[in-house]
Amino acid sequence: MSKIMLEVNELTTKYITRFHEDVYAVDHVSLKIEEGKSLGIAGESGCGKSTLALSLMGYYFAPLHYQSGDIIIDGKNISGMKPDDVRKNILGSEIAYIPQAAMNALNPTRKIYKFIEDVVLAHDSKADKKDIFEMARERFSRLGLPVETLDKHAVELSGGMKQRTVIAISTILQPKVLIADEPSSALDVTSQKMVIKMLRDMMDSGFIKSMIFITHELPLLYNVTDDIMVMYAGQIVETNNSHDMVFNPLHPYSKGLMGSIIVPEEGVRDQKLTAIPGTPPNLKNPPKGCRFAERCKYVMPQCRFNEMPMINLGDGHQYRCGHSHEHLKEMYADEQ
Amino acid sequence: MSSENKKLDTRPLCLSGKGVTKVFGTGNKANVAVDHVDFEFHEGEFVSIVGESGSGKTTLSKMLLGLLNVTEGQIDFQGKPRDISSRSKKNEYWKGIQAIFQDPFSSFNVFHKIDAVLLDCIAMRGGRNLPKEEKIRLMTEACSFVNLKYAELTNKYPFELSGGQMQRLMIARIFLLKPKILLADEPTSMIDACSRATILDMLLQLRDEVGMTVIFITHDIGLAYYISDSVYIMEHGKFVERGTADDVILRPQAEYTKRLINDVPKIYEAWDLSTVG
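Residues numbered from 1 in each chain as written. Chains lettered and ligands numbered in written order. Predicted model: local features only at pLDDT ≥ 70, side-chain atom pairs only at ≥ 80, totals over all residues.

Here the focus is the overall build of chain A. What chain A contains, in helices and strands, is 10 helices and 12 strands. Relative to its length of 336 residues, chain A is compact, with a C-alpha radius of gyration of 21 Å against a globular reference of 20 Å. Projected onto its principal axes, the C-alpha positions of chain A cover 65 × 50 × 40 Å. Residues counted as buried form 44% of the 336 residues belonging to chain A. Considering only contacts within chain A whose residues lie at least 6 apart along the sequence, 63% involve residues at least 24 apart. (Helix = DSSP H or I, 4+ residues; strand = E, 2+ residues; numbered from the N terminus. Rg over C-alpha atoms; globule rule 2.2 N^0.38 Å. Buried ≥ 20, exposed ≤ 12 C-beta atoms within 10 Å, placed from the backbone. Contact = placed C-beta atoms within 7 Å.)

Here you go:
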């Protein structure tokens, strides 16, 4: 077994509203990523995907607060660290984060190489500027970005180019974990493909040791990550390898999500899209039992008051449901 | 041409255009947004116009709606040249064509309650003097068509609803108005995948039950393939390919179409990352 890059144990974080109500947006989430592996996180809007990303960085600002659990990056526990320490010692070198609108982070009055100087100098104040420039040149050419970009201002670049530049800048220190939160949703399909190719290249050449990729676009996750984790109302409902998650989902919610995939391929027109009725629960007062019970076709009376345990099937496959996996598979087979 | 397309071609034309062009600016600053496009949309047809940002699909949709003037070319509505030269003629035309946009919030007056929006639609159909009970019955029917409860919506303002609910309310408006043509400009791009299926189902239902022509404008080629009878692919203001959905997506001829399909992530075949850029 290779080295574990990121380990998260029972992480719980909450938002505290103006009226002092606690909203647990990430609720007892545990995950593990090995070196060289990538994990995709899927789920509806508001299910806690992005909050999980923010929580993993250990960078908490009101209204987001840390509650309990451990975040261990390459053997180093960062949970409970002060935001200032996190920024100085963790961000950039251990863990890097790319939000959806990352390209808007570039200051229009500065040239691209200046941002790279900033990142490197923030972690090593004695670094030589000439060396930094050489390193940046080499990295850009390795990633297939034109080297002239370094001497340009952000306004001279297209949207897809800016996004790729920001990814290159934020991974310049070769972080152990890269968290990409919808990095390609604002781009057209061609630029999206370039971003994905670059992320894959970075994984292959070891510039990043592991990756978490967040998106609601399932065909994209299927092609990018090794494993997929489905979140619902702040909890993990199922984790499995990408192929089995897309073709043999087990949890009724995953099943519903996979039924909404549309791709331009033969046979897709004959499939019926499944819509999941209803809306997710309000996390201010989450339901006592299974959080998906209200919308579930296969709901049993005890689902509504029993806490659902995570059932581990081995090989990294786990799911959270009151039905046994044999029973779920039988029910799905009967429907076809 | 496949048999499916021949069957469609026998239906009467609903909206058609010849040499439709839009030029913004003049002289050396002229910018041709839509360049001599021809199209024929038949009654009850589900048509998709697919293109990337900047291809001119929204400009074309605004010309179809009569919100922008056509620089050159002619648009026929139900077999006759379209006349929108005056305000009253435009209002008459808009009884035949209605639209849903990407951002439902931009389509509602924030100071008007939901009831006022729906009552407007009833008035537009000539129901201004209907008794109150009849109006409520119509509104309830429209809301239940889109799986909303009228009792929960009445007396609410638009900002109190979620994006998905608002988009469904837009469809309830269309259900009340029953236009000949519905133009849907990226109606699902702000909605996540699970609610998207619901919206698409409703559009198909409108087409089947009311017999509407639906013109669906999107950048998502997979979505266009799933939902439409025929597909038009647009690049730099021109249609580079048109035909039945199966012909265009499974047997593309134009280089641009091939590239678009190639760049979308797939699940049944391998997604080739080497041919990028």
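Within chain B one finds 11 helices and 10 strands. Relative to the 2.2 N^0.38 estimate, which gives 19 Å for 277 residues, the radius of gyration of chain B is 20 Å and therefore close to what a compact globule would have. Based on the C-alpha atoms only, the size of chain B along its principal axes is roughly 60 × 45 × 40 Å. Counting across all 277 residues of chain B, residues that qualify as buried make up 40%. Partitioning the intrachain contacts of chain B with sequence separation of at least 6 by distance along the chain shows that 67% fall at a separation of at least 24.

Right, let's get into the packing of helix α7 (residues 163–177) of chain B against helix α8 (residues 193–210) of chain B. All names here are of chain B. Between α7 and α8, the least distance of the axes is 11 Å, while the angle of their chain directions is 5 degrees. What the angle tells us is that α7 and α8 run roughly parallel. Side by side, α7 and α8 meet where Gly-164, Gln-167, Ile-171, Ile-174 and Phe-175 of the first sit next to Ser-195, Ile-199, Met-202 and Leu-206 of the second. Among the residues making up the contact of α7 with α8, the classes are represented as 6 nonpolar, 3 polar and no charged. (Axes fitted to C-alpha atoms, helices over the stretch in contact; angles between N-to-C directions. Parallel < 35°, antiparallel > 145°, perpendicular 65-115°, else oblique. Nonpolar A, V, L, I, M, F, W, Y, C, P; charged D, E, K, R; others polar.)

Time to look at the nonpolar core. Counting 162 residues, the largest nonpolar core has Ile-179 of chain A together with Ile-215 of chain B as the members making the most contacts within it. Considering each element in turn, this core owes the most residues, 9 residues, to α7 of chain B. Sequence-distant contacts of Ile-179 of chain A, that is, excluding residues within four places in its chain, are made with Ala-53, Leu-56, Met-57, Ile-95, Tyr-97 and Ile-212 of chain A. (Core = buried A, V, L, I, M, F, W, Y, C linked by C-beta atoms within 7 Å.)

Another point: the sheet that holds strand β7 (residues 177–181) of chain A. All names here are of chain A. With mixed pairing, 8 strands are arranged side by side in an open sheet as β6-β7-β8-β3-β9-β10-β12-β11. Each edge of the open sheet carries a strand with a single partner, namely β6 (95–98) and β11 (310–312). Averaged over all adjacent pairs, the angle separating strand axes in this sheet is 20 degrees, with direction ignored. Pairing between strand β10 (residues 235–241) and strand β12 (residues 318–320): 2 bridges, direction antiparallel. Considered in β12, the bridge of Glu-238 is made with Tyr-319. Against the sheet, helix α1 (residues 49–56) touches β3 (38–42), β6, β7, β8 (210–214) and β9 (227–232), its axis set at about 150 degrees to β7. (Pairing = 2+ DSSP bridges.)

Bringing helix α2 (residues 57–65) of chain B into the picture now. All names here are of chain B. Of all the residues in α2, the buried ones are Lys-57, Thr-58, Leu-60, Ser-61, Met-63 and Leu-64. Where α2 is buried, its residues contact β1 (13–24), β2 (31–42), β3 (46–50), β7 (181–185), β8 (213–218) and β9 (230–235). Of the residues one or two after α2, Gly-66 is the one with positive phi, at around 80 degrees.

For the bond from Ala-62 of chain A to Pro-63 of chain A, the omega torsion is 5 degrees, close enough to zero to count as cis. Mapped onto the elements of the fold, Pro-63 of chain A is located in the loop between α1 and β4 (64–73). Residue Glu-186 of chain B is not a glycine yet carries a positive backbone phi of 50 degrees. On the secondary structure map, Glu-186 of chain B appears in the loop between β7 and α8. Judged by the 19 C-beta atoms lying within 10 Å of it, Glu-186 of chain B falls in the partly exposed class.

So, on to the sheet that holds β4 of chain A. Residue and element names in this part refer to chain A. Spatially, the 4 strands line up as an open sheet ordered β2-β1-β4-β5, and their pairing is antiparallel. Because the sheet does not close on itself, it has two edges, and the strands there are β2 (22–34) and β5 (76–77). Those strands touched by α1 are β1 (4–16), β2 and β4, and its axis lies near 70 degrees from that of β2.

To describe two helices that pack against each other, one gives the angle between their axes and the distance between the axes. All names here are of chain A. The interhelical angle for the contact between helix α3 (residues 112–123) and helix α4 (residues 129–142), taken along N-to-C directions, is 115 degrees, at an axis separation of 10 Å. Crossing angle aside, the handedness with which α3 passes α4 is right-handed. On α4, the residues that touch Tyr-113, Ile-116, Glu-117 and Val-120 of α3 are Lys-129, Ile-132, Phe-133 and Ala-136. Here the contact of α3 with α4 is composed, by residue class, of 6 nonpolar, no polar and 2 charged. (Left-handed = near helix turned anticlockwise from the far one by under 90°.)

On to the interface of chain B and chain A. Tallying the contact residues gives 31 residues for chain B and 31 residues for chain A. For the side of chain B that touches chain A, the secondary-structure elements that each account for two or more residues are α8, α9 (221–227), α10 (245–250) and α11 (255–263) of chain B. No other element matches the 7 residues that α8 of chain B contributes to the side of chain B that touches chain A. The residue makeup of the side of chain B that touches chain A, split by class, is 19 nonpolar, 5 polar and 7 charged.

In this section: the confidence of the model for chain B. All names here are of chain B. Per-residue confidence for chain B averages 88 on the pLDDT scale, and 96% of its residues sit at or above 70. Per-residue pLDDT, averaged within each element of chain B, yields its smallest value for helix α1 (residues 3–9) (55) and its largest for β3 (95). Here the complex is predicted with pTM 0.87, and the ipTM for its interfaces comes to 0.80. (pLDDT = per-residue confidence, 0-100.)

Before going further, it helps to spend a moment on the environment of Asn-31 of chain B. Here Asn-31 of chain B lies in strand β2. For the pair Asn-31 of chain B and Ala-99 of chain B, spaced 68 residues apart in the sequence, the C-alpha separation amounts to 26 Å.

Once that is clear, we can look at the pairing of β2 of chain B. Residues and elements named next belong to chain B. One ladder, built from 8 bridges, connects β1 with β2; its direction is antiparallel. Across the sheet, Ser-16 pairs through a bridge with Glu-40, a residue of β2. Hairpin connection of β1 to β2: 6 residues between the antiparallel strands, including Gly-25 at a positive phi of 75 degrees.

Another point: the pairing of β9 of chain B. Residue and element names in this part refer to chain B. The element β9 is extensively covered by neighbouring structure, given that 6 of its 6 residues are classed as buried. Residues of β9 alternate between two faces, with Ser-230, Tyr-232 and Met-234 on one and Val-231, Ile-233 and Glu-235 on the opposite face, all of them buried. For β3 and β9, the ladder comprises 4 bridges, and the chain directions are parallel. Bridge pairing in β9 places Ser-48 opposite Val-231.

This brings us to the environment of Thr-12 of chain A. Residues and elements named next belong to chain A. Along the chain, Thr-12 turns up in strand β1. The exposure class assigned to Thr-12 is partly exposed, which follows from the 17 C-beta atoms found within 10 Å. Considering only alpha carbons, one finds Thr-12 and Gln-235, 223 residues apart in sequence, at a separation of 9.7 Å.

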